[in-house]
Amino acid sequence: MFIIDLTYKKPLTEVDKHRSAHIEFLTKYYNAGKFITSGAKKPRVGGVILAQHCTAEEVQEIITHDPFYVNAIADYTITEFATSKYCESFASCADEDTK
């Protein structure tokens, strides 16, 4: 599983210009079963995406399609982790070897 951490490097006026395209990007990967949840940081300085069923290489490739990446709106930090404990409602997303 991966945490994709976005930090905006452009003003929110620039972010907002690409927000609709970014949402389309998110929807594509939700529909592909790759993204679990996403949202804006508070305060609004970036966002976070939780991804599953990917390799590190796939995550790197996926983010290159994000309009925020394409238009140099955000920097990305990717953290891979293995689930070891989770609430019951998250069980379907947990790593297979921890179920």
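Residues numbered from 1 in each chain as written. Predicted model: local features only at pLDDT ≥ 70, side-chain atom pairs only at ≥ 80, totals over all residues. Heavy atoms only, no water.

Within an unreviewed UniProt entry, the label attached to the protein chain reads GTP cyclohydrolase, and the organism entered is Capnocytophaga haemolytica. We quote the UniProt Sequence similarities (unreviewed entry) comment for the protein chain here in full: "Belongs to the YciI family." (UniProt positions renumbered as here; feature names shortened; annotations may be inferred.)

**Q** How do you make sense of the sheet that holds strand β3 (residues 46-51) when you look at a structure like this?
**A** The 4 strands are arranged β2-β3-β1-β4 in an open sheet whose pairing can be described as antiparallel. Looking along the sheet, the strands with just one partner apiece sit at the ends: β2 (35-40) and β4 (74-80). Sheet twist, expressed as the average angle between the axes of neighbouring strands with direction ignored, equals 15 degrees. Inspection of the sheet shows β2 paired to β3 by 5 bridges, in the antiparallel sense. Across the sheet, the residue bridging to S38 is I49, located in β3. Sheet contacts for helix α2 (residues 19-31): β1 (2-8), β2 and β3; angle to β2, the most-contacted strand, approximately 160 degrees. Strand contacts of helix α3 (residues 56-63): β1, β2 and β4, with the helix running at about 165 degrees to β4, the strand carrying the most contacts. (Pairing = 2+ DSSP bridges. Helix = DSSP H or I, 4+ residues; strand = E, 2+ residues; numbered from the N terminus. Axes fitted to C-alpha atoms, helices over the stretch in contact; angles between N-to-C directions. Contact = heavy atoms within 4.5 Å.)

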